[in-house]
Structure formats: C-alpha cells, structure tokens
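These are the residues of each chain, in order.
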Amino acid sequence: MFGWTGTILNIDLSSRAAWREDLSVELLHAYLGGRGLGVRLMRGFHALDPFDPVMPLIFAVGPLCGTSAPTAARLTVVSRSPLTGTIYDCSAGGRFAWRLKGLGVDALRLSGRSETPVTLVVTAGGVEFVDVPELWGQTVPETVAALSGRGSVAAIGPAGENGVLFANIMMGEGNSVGRGGLGAVMGAKGLKAVVVNGDIPVAVADRERFDRARQDVMRLFRASPVIFGELGIAEYGTPALVDLMRQRRMAPTENFRHTVFEGSANYSGPAIRSAYQAKKDGCYGCPIQCKKSTPRGEHLPEYETVSHFGALNGIASLDVIVKSNTLCNELGMDTISAAATLSAWGEVRGRFPGGEEVQRLLVDTALRRGDGELLSLGSRRAARALGRPELSMEVKGLELPAYDPRGAYGMALAYCTSNRGGCHLRAYPISHEILRKPVATDRFSFSGKARIIAIAEDTNAAIDSLVACKFSFFGATLEEYAELLSAATGTEYTPQSLKEIGRRICLTERFYNCANGFDVKDDCLPARFFAEPGSSGEGVDIPPIDRGRFDEELQKYYRIRGLTPAGTFADPDFLLTQP
C-alpha cells in the first residue's frame, strides 16, 4: 500500500491492552484520513456521552503525512465535544504526526479509562503504559520536559485534568488541538500524555510525479501575496489581520457590542515584531512558518488570541495579551473560548476584566476554583447560570472567533452551518469576503452565499482529511493536492472527487449531530447580531443583519444539502448508504 499504512492501533486504557487492526482500502479511499477517517470511525459511538469511558478519542494522520508534501505533517483528533455536544475534530501540526505515521499506523484509537494517571509510550517495540502520578497537576511545559526524551509528546495540562470544557490537548512543540474541549475527554480517561516515536518511511507510488507536483505547490506558495507577500502571514503571522479587521470595522469589541477597538494597533503584526523581536516559527517541515516566537522560544499569540484577549475584553496592553496566551498554553486551555467566556462574564457583571485580574481568572478557571468554577463551563453555561443567556456569543455552544458576522454575511451563515459550532475554519469565507481569494464576493450580501459555503465546507473537509494546512490554499488549490495525492497513493483523484469525499464527511457529521438533537434551532446567531448595529464610520455602514434574508439563505443551504426545512435528514438510514 502506498501513502497509507492500512493499520489502526487500538488501545483500551481500562484493561491496558493494545492491538492492531487492518483498515480496508475502500474505507481509506472513501474518507482519506485525518478528519474524515476519524469521523467515520466514530460511527456507532457518536451518541455516547463525551465522558463515557467507551467514547473513543481518535488521533488520525493523512495519506500525505510522512512524505515531503508541503504542510502535511499534521494530524486530526476526533471525538464528541463536551463543550458543544457535537461531533468534534481539530488538527495540529508538528513532529508528533510524523512520528505517529512512522509507527506504521494511520490512526490511534483510545478508549476506556485508567484508574490512575497514565502516559502511553508507543514505539517500534510496542506500547508501554507508564504510571505518572507525579505528572498529574503539572503544566504542559513541565510534562513535555519530563517526557520529550522518549519521543514526541501530546499532553494535557491542569485544565484537561480538571474537566474544563474548553481544555486543549497540547503538542510538545506548542501547537494546540483546541476549541471543543478534547483535552477534557483525554483527562476523563486518566491519560496525561501520549508519546510516539516511529521512523518507518512512507512509500510513494510515483516519486517523479510527486516531486513535480510538489514543485508546482511551492511555486504557487511563492506567488501568493497572502503567504509570502510583504504583509503576508510568513512575515507577521496571522496578526497581520489585525489592521485589516480594524479597517473593515469588523473587530469584535467588548463582547461584540462594537466592531472597532481604537487600541488594536498595539497588538498588530508589526507591533508584535517590534516589541518582542519576533522570529519565524512554525510546524515541522512547513515552508510557510506563519507562527512567531520570541528569541527565548516563547510562542507569541495568533490573530484570534490577540483580538479576543485584546478588543473583546477592552484590553490594549500587548504584555497582558502575551501573558494570557502563554498562561493558556501552559494550563492547556483554548484561548478563543477562554477570552470569550471572560468577555461574556464581564458584560454580565458590568465590567470587563483587565490586566492581572485576567491572569488570576485563567488560573482559577483551569483549577476550577472561585469564579473559575463557573467560567470553566464556557460562555453558554456561564451566561445561563447568571440569568443572561443572551450575552453568550456562540453558536451550538462554541464561542465565536474574531470576525464580527455583521461585517461579512458569508461568515454569518458559515458560523451557523458549521457542524462543530461557531467556527471560522469550516468554510472560511474570510478568504473571498475579506482577502479577496480566489475571487472577491460582496461581504454585505447573502446572494449566492449558501452555495459558496456548501462548496467551501466540502473542500475544507477534504483538506482536513488529507491532512493539510488551510493556509496552503491561499496559494495552491485542490488541483495541485489531488495531483500530490494521486502520485503518493497510486490512485487517481481529481478536485471534484475530493470535494465529493468532503461532502460525504460533512453530511456524516451533520447526521451524527441530528441524531443528538441538533436542528434548525441550533443553526442561528445570537440575537444581538440581528438587533444591534456594529460600529459604523469612515464611510462604512455596519447595520444589524437582516433576519429574513439570513433565514432565507439558510433554507437555500438546506436544499443544497438535501436536508429538510428543519435541517434534518428525510432518510433515517442515511448512514447505511455510505461506505
């Protein structure tokens, strides 16, 4: 077999047993790997409680991982989110993915629950269950330092141990499996860390064709102004978006009450570079290097983090933002949900937290003490408990990221149709509505957005299953990655066949969610966006979103997807029609 290994490694933490199984070629062709493979492997488990010991936690790589395909040294972790109750996946880059594939497996499926804190060490020699009571309670950097001599590490911090509903799984090199709380799922299994160390090379079917396709991708990267331009993400990282979002008047400010924050220049890409002498950093083997770190190796925050710890909480201090980011990484918490929950809580009490108070609240949240007990539940549960549910800015329980939907109507629709909740990455309409790639669309119009969003969701599901970085697609397209995949696996793929695979994945996720009670009532924005305007000015008007047009476009989306007006499936046996 080329590209894939055709093997899954199963580990039962209750019995401390491990065994390998074959994955059929048909299944791998139908779901590729990463997100798609993980979602397929969740069939039959998708209705379990996220903290049920039987619930799987799946680490899956893609067919291009282990090759020199650009940005493909990544993996996806899949389970059911304790924060949202939806099917959940998140990808992360780094050597961990490469070394997992080097063990001769396409996926690692964890189930069961250890009675005592344990770390898994998986090498060519087998699986070792290492009791680690001394690491329980340690931060992520402390855990990684204790284990990194044995291979690449994925670990949780105190937040995951304590069941914070937006706890991350952190990769040893600093990348996050973030947002939906899969760190809490790992903590509920009594699993502090996973260490992998394999080096089996990946066989490529047609080396000459593969190298030619790789050169095409790199040529397109170099020609992309978003990637390698003067103000591109390779130079300034994603905080390059700070000034652009300010200029478009769609920077969420003070819990989305406003859309312009006058202090945002303090944490723009150039400001971060100047203040911290930021150097290029990034995922293993990635030519883009969009991440930034200090000369001491401290990871600097990305766009969503600077904006939410900044404007969303009314904080202009770059030092406070950087410290908050570092603290979340050490404790193992998602920065977007943490900052958004603090912001909702701040509006409820009539005062947003500032400076040192933020640091204290983050620690209390990870340890679930004092006010942190309520904050650890995320903004939806916290706002409801305080009697102000309308102040939680989320969709399906997932806090909205740093693009105000009143300034980009495709983004408004995409937040709601996203299967994992209020996420910008499922369809990423910012690409065409703001960055004007591949072609510009009118950001203040819903016309045509239902079809554009559906196609983008399918495309991104395929990308997530390859598993490649979405930033690659500011330069390359599915055409170049289909060529890479065909050369690597020896099976012919086209952009259209990849989009059809993506559609199958999106619909499977949707079916799982519907089986758990999700429908049209969950595909909606908070009322604020339909009732209150954003911050108009400088010739740009930011009115409330027209609810009638939103509902009309949502129904168009359902028809395109073959769903009922309630957003559900007419055929209860849909899954039986899928591979």
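Residues numbered from 1 in each chain as written. Predicted model: local features only at pLDDT ≥ 70, side-chain atom pairs only at ≥ 80, totals over all residues. Heavy atoms only, no water.

- The protein chain is annotated in an unreviewed UniProt entry as Aldehyde:ferredoxin oxidoreductase, tungsten-containing from Geobacter sulfurreducens.

Brief notes about the overall build of the protein chain
No. 1: Check the secondary structure of the protein chain and you find 24 helices and 16 strands.
No. 2: Principal-axis analysis of the C-alpha atoms gives the protein chain an extent of 60 × 50 × 50 Å.
No. 3: When burial is assessed residue by residue, the protein chain has 63% of its 579 residues classed as buried.
No. 4: Looking at the protein chain alone, contacts between residues at least 24 apart form 70% of all its contacts between residues at least 6 apart.
No. 5: Of the side chains in the protein chain, 63 bear a positive and 65 a negative charge, and the two mean positions are spaced by 2 Å. (Helix = DSSP H or I, 4+ residues; strand = E, 2+ residues; numbered from the N terminus. Buried < 20%, exposed > 50% of the residue type's maximum accessible area, 1.4 Å probe, protein only. Contact = heavy atoms within 4.5 Å. Lys, Arg positive; Asp, Glu negative; His and termini not counted. Charge placed at Lys NZ, Arg CZ, Asp CG, Glu CD.)

A word on the packing of helix 2 (residues 34-41) against helix 22 (residues 495-515)
No. 1: Between helix 2 and helix 22, the shortest axis-to-axis distance is 10 Å and the interhelical angle comes to 40°. The element helix 2 and its partner helix 22 pack so that their crossing is left-handed. Facing Arg35, Gly36, Val39 and Arg40 of helix 2, the residues of helix 22 in contact are Ile505, Cys506, Thr508, Glu509 and Tyr512.
No. 2: Tallied by class, the residues present in the contact of helix 2 with helix 22 amount to four nonpolar, two polar and three charged. (Axes fitted to C-alpha atoms, helices over the stretch in contact; angles between N-to-C directions. Left-handed = near helix turned anticlockwise from the far one by under 90°. Nonpolar A, V, L, I, M, F, W, Y, C, P; charged D, E, K, R; others polar.)

Let's talk about the sheet that holds strand 12 (residues 191-197)
No. 1: Within the open sheet, the six strands sit side by side as 8-7-12-9-10-11. Their pairing is mixed. A strand with exactly one partner marks an edge of an open sheet, and here the two such strands are strand 8 (126-131) and strand 11 (176-177).
No. 2: Here strand 10 (residues 169-171) pairs with strand 11 via two bridges, running antiparallel. Its bridge partner being in strand 11, Met170 is matched across the sheet by Ser176.
No. 3: Along the sheet, helix 4 (residues 140-147) contacts strand 7 (118-123), strand 9 (152-155), strand 10 and strand 12; its crossing angle with strand 12, the most-contacted strand, is approximately 40°. (Pairing = 2+ DSSP bridges.)

Side note on the side chain of Asn175
No. 1: Turning to its location among the elements, Asn175 is positioned in the loop between strand 10 and strand 11.
No. 2: Its relative accessible area of 7% is what places Asn175 among the buried residues.
No. 3: Among the polar contacts made by the side chain of Asn175, one reaches the main-chain carbonyl oxygen of Gly93 at a distance of 2.6 Å.
No. 4: If we ignore the near neighbours within four places in the chain, the residues touching Asn175 are Ala92, Gly93, Gly94, Ile169, Met170, Cys283 and Lys291. (Polar contact = N/O pair within 3.5 Å; in protein donor to acceptor, adjacent residues only side chain to side chain.)

Section: helix 13 (residues 318-331)
In an α-helix, one full turn covers 3.6 residues, which means residues spaced three or four apart are oriented alike.
No. 1: Helix length check: helix 13, at 14 residues, gives a terminal C-alpha distance of 20 Å against a target of 20 Å (1.5 Å per residue), a fit within 8%.
No. 2: Extensive coverage of helix 13 is indicated by the burial of 11 of its 14 residues.
No. 3: Within the span of helix 13, buried status applies to Leu318, Val320, Ile321, Val322, Ser324, Asn325, Thr326, Leu327, Cys328, Asn329 and Leu331.
No. 4: Gly332 lies just past helix 13 and shows a positive phi near 80°. (Expected span 1.5 Å × (residues − 1).)

Examining the pattern of salt bridges
No. 1: Taken as a whole and assessed by the stated rule, the structure comprises 47 salt bridges.
No. 2: The salt bridge partner of Arg219 is Asp216, with a shortest N-O separation of 2.7 Å. Of this pair, Arg219 and Asp216 both sit in helix 7 (residues 207-223), three residues apart, which is roughly one turn of that helix.
No. 3: A relative accessible area of 48% means that Arg219 is categorised as partly exposed. (Salt bridge = Lys/Arg side-chain N within 4 Å of Asp/Glu carboxyl O.)

Regarding empty space enclosed by the protein
Rolled over the atoms, a probe sized like a water molecule indicates the empty space that remains.
No. 1: Inspection of every chain in the model, using the stated rule, returns six cavities of 30 Å³ or more.
No. 2: Taken together, the elements giving at least two residues each to the lining of the largest cavity come down to helix 22 and helix 24 (547-561).
No. 3: Looking at the lining of the largest cavity, its residues break down into two nonpolar, three polar and five charged. (1 Å grid on protein atoms, 1.4 Å probe; cavity = no way out; pocket = protein on both sides within 12 Å on 5 of 7 lines; lining within 4 Å. Points joined across faces, edges and corners; volume = space filled by probe spheres on them.)

Here we look at the packing of aromatic side chains
No. 1: Scanning the model with the defined rule gives 15 aromatic pairs in all.
No. 2: Taking 5.5 Å as the distance between ring centres and 85° as the angle between the ring planes, the aromatic pair formed by Trp98 and Tyr284 counts as edge-to-face. Of the two residues, Trp98 is situated in helix 3 (residues 95-101) and Tyr284 in the loop between strand 13 (279-281) and strand 14 (291-293); the sequence distance between them amounts to 186 residues.
No. 3: Trp98 gets classed as partly exposed once you look at its relative accessible area, which sits at 29%. (Phe/Tyr/Trp six-rings, centres within 6.5 Å; stacked < 30°, edge-to-face > 60°.)

Some points on helix 17 (residues 378-385)
No. 1: Every buried residue belonging to helix 17 is among Gly378, Ser379, Ala382 and Ala383, and all of these are buried. Taken down its axis, helix 17 places every buried residue within 145° of arc, on the same side. For helix 17, exposure combined with an orientation more than 90 degrees from the buried face picks out Arg384 and Ala385.
No. 2: The inward-facing, buried residues of helix 17 abut helix 14 (335-349), helix 16 (372-375), strand 15 (394-395) and strand 16 (398-399). (Arc of directions from axis to C-beta.)

Quick notes on the environment of Leu64
No. 1: If you trace the backbone, Leu64 turns up in the loop between strand 3 (57-61) and strand 4 (74-80).
No. 2: Not counting chain neighbours up to four residues away, the residues in contact with Leu64 comprise Ala69, Ala72, Phe210, Leu466, Tyr481, Leu484, Leu485 and Ala488.

As for unusual backbone geometry
No. 1: For the bond running from Lys437 to Pro438, omega is -5°, close enough to zero to count as cis.
No. 2: Considering the arrangement of structural elements, one finds Pro438 in the loop between helix 19 (430-433) and helix 20 (449-466).
No. 3: In the Ramachandran plot, Arg16 falls in the positive-phi region, its phi being about 55° despite a non-glycine side chain.
No. 4: If you trace the backbone, Arg16 turns up in the loop between strand 1 (7-12) and strand 2 (17-22).

Notes on the environment of Pro495
No. 1: Structurally, Pro495 is set in helix 22.
No. 2: C-alpha separation for the pair Pro495 and Leu478, spaced 17 residues apart in sequence, amounts to 5.2 Å.
No. 3: Apart from residues lying up to four places away in sequence, Pro495 is in contact with Leu478, Glu479 and Ala482.

Observations concerning the pairing of strand 6 (residues 107-111)
No. 1: Most of strand 6 is tucked away, with four of its five residues classed as buried.
No. 2: Where strand 1 and strand 6 come together, five bridges link them in parallel fashion. Bridging across to strand 6, Asn10 finds its partner in Arg109.
No. 3: In the sheet, strand 3 pairs with strand 6 via four bridges, with the strands oriented antiparallel. When the bridges of strand 6 are listed, Ala60 appears paired with Ala107.

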